[in-house]
Amino acid sequence: MSDSTFKQRLLGLQGNLLNFAYQLTTNREAAQDLVQDTTLKVLDNEEKYVDNVNFKGWVFTIMRNIFINNYRRQVRSATVVDTTEDLYHLNLSQESGLSTPEGSFAAREISEAINAFSEEYKVPFSMYIAGYKYSEIAEKMSLPLGTVKSRIFFARKRLQGMLKDYR
């Protein structure tokens, strides 16, 4: 097959490729990106096409393989990237542990231990656990940022010491 015939057949499939890509991605922009990636891959591998093979099937297989590889790459790299100031999301627990009786007992023990703190440690630590950033806590309490961080650190250390049996 000549170079111009190959490109003409590929251009003739662009509409079909876009429809198939949209079915795979369910997103118009992602579908357009997939069509573009497929077109480039087909052009790069023109010499690998055997003339007696179904051209449309060959191109669609390339698109499907690109989609599957991209999906697998996304799944593998699905790590949480915390872009918040002070990286406070990394310190938040993702699971409450209340699904078991032991978990609810531990939660009650932890709450009692936190309530035993003096106000200067309990308030910033409770705000921190609720998801406030260090800077937000410092602003609301009219304290320097370093003071807030050290109070939360000492409250956490004290709590770990009080509840060391739960590890």
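Being a predicted model, the structure only gives us computed values, none of them experimental.

**Observations concerning the overall build of the protein**
Then, in step 1: Regarding its fold elements, the protein presents eight helices and zero strands.
Then, in step 2: Looking at the 167 residues of the protein, the share that counts as buried comes to 27%.
Then, in step 3: Expressed as a percentage of contacts within the protein between residues at least 6 apart in sequence, the contacts between residues at least 24 apart total 59%.

**A few points about the packing of helix α6 (residues 119-130) against helix α7 (residues 134-141)**
Then, in step 1: Where α6 meets α7, the closest approach of the two axes is 10 Å, and the angle between their N-to-C directions is 140°. The orientation of α6 with respect to α7, classified from their angle, is oblique. The crossing of α6 and α7 is right-handed. Where α6 approaches α7, its residues Val-123, Pro-124, Met-127 and Tyr-128 are matched on the opposing element by Tyr-134, Ile-137, Lys-140 and Met-141.
Then, in step 2: When grouped by side-chain class, the residues that make up the contact of α6 with α7 number seven nonpolar, no polar and one charged.

**Here's the deal with the pattern of salt bridges**
Two side chains that carry opposite charge are able to pair once their charged atoms sit near each other.
Then, in step 1: Applying the stated rule across the entire model yields two salt bridges.
Then, in step 2: The shortest N-O distance in the salt bridge between Glu-120 and Arg-151 comes to 3.7 Å. In this pair, Glu-120 is assigned in helix α6 and Arg-151 in helix α8 (residues 145-162), connecting sequence segments 31 residues apart.
Then, in step 3: The exposure class of Arg-151 is buried, given its relative accessible area of 18%.

**Looking at the nonpolar core**
Then, in step 1: Counting residues in each nonpolar core, the largest one holds 17 residues, and the members touching the most others are Leu-17, Val-42, Phe-55, Trp-58 and Val-59.
Then, in step 2: For this core, the elements supplying multiple residues, two or more each, are α1 (3-12), α2 (14-25), α3 (28-44) and α4 (55-76).
Then, in step 3: For this core, the element with the most residues is α4, which contributes seven residues.
Then, in step 4: Grouped together as the second largest cluster of nonpolar side chains are 14 residues, Ala-113, Ile-114, Phe-125 and Ile-137 included.

**A look at the packing of α2 against α3**
Then, in step 1: Close contact between α2 and α3 brings their axes to 8 Å; oriented N to C, the two are set at 125°. Taken together, the axes of α2 and α3 lie oblique to each other. As for the relative orientation of α2 and α3, their crossing is right-handed in sense. Each of Gln-14, Leu-17, Leu-18, Ala-21, Tyr-22, Leu-24 and Thr-25 in α2 lies in contact with α3, whose residues at this interface are Arg-28, Ala-30, Ala-31, Gln-32, Leu-34, Val-35 and Thr-39.

**Observations concerning unusual backbone geometry**
Then, in step 1: Its identity as a non-glycine residue notwithstanding, Thr-26 has a phi of 55°, on the positive side.
Then, in step 2: Following the sequence through the fold, Thr-26 ends up in the loop between α2 and α3.
Then, in step 3: Here Ser-142, not a glycine, exhibits a phi torsion of approximately 55°, which is positive.
Then, in step 4: By secondary structure assignment, the location of Ser-142 is in the loop between α7 and α8.

**Some points on the packing of aromatic side chains**
Then, in step 1: Applying the stated criterion across every chain, the model contains ten aromatic pairs.
Then, in step 2: Taking 5.1 Å as the distance between ring centres and 50° as the angle between the ring planes, the aromatic pair formed by Tyr-49 and Trp-58 counts as tilted.
Then, in step 3: When the centroid spacing of 5.4 Å and the interplanar angle of 70° are considered together, the rings of Phe-153 and Phe-154 count as edge-to-face.
Then, in step 4: Note on Phe-153: relative accessible area 41%, which makes it partly exposed.
Then, in step 5: Owing to a relative accessible area of 46%, Phe-154 belongs among the partly exposed residues under this scheme.
Then, in step 6: Taken together, the aromatic side chains of Phe-6, Tyr-49, Phe-55 and Trp-58 make up a single cluster linked through ring pairs.
Then, in step 7: One Lys or Arg, Arg-28, reaches over the ring of Tyr-22 and ends 5.6 Å from the middle of that ring.

Each value, and the rule that gives it
- Residues numbered from 1 in each chain as written.
- Predicted model: local features only at pLDDT ≥ 70, side-chain atom pairs only at ≥ 80, totals over all residues.
- Heavy atoms only, no water.
- Helix = DSSP H or I, 4+ residues; strand = E, 2+ residues; numbered from the N terminus.
- Buried < 20%, exposed > 50% of the residue type's maximum accessible area, 1.4 Å probe, protein only.
- Contact = heavy atoms within 4.5 Å.
- Axes fitted to C-alpha atoms, helices over the stretch in contact; angles between N-to-C directions.
- Parallel < 35°, antiparallel > 145°, perpendicular 65-115°, else oblique.
- Left-handed = near helix turned anticlockwise from the far one by under 90°.
- Nonpolar A, V, L, I, M, F, W, Y, C, P; charged D, E, K, R; others polar.
- Salt bridge = Lys/Arg side-chain N within 4 Å of Asp/Glu carboxyl O.
- Core = buried A, V, L, I, M, F, W, Y, C linked by side-chain atoms within 4.5 Å.
- Phe/Tyr/Trp six-rings, centres within 6.5 Å; stacked < 30°, edge-to-face > 60°.
- Lys NZ or Arg CZ within 6 Å of the ring centre and 35° of its normal.

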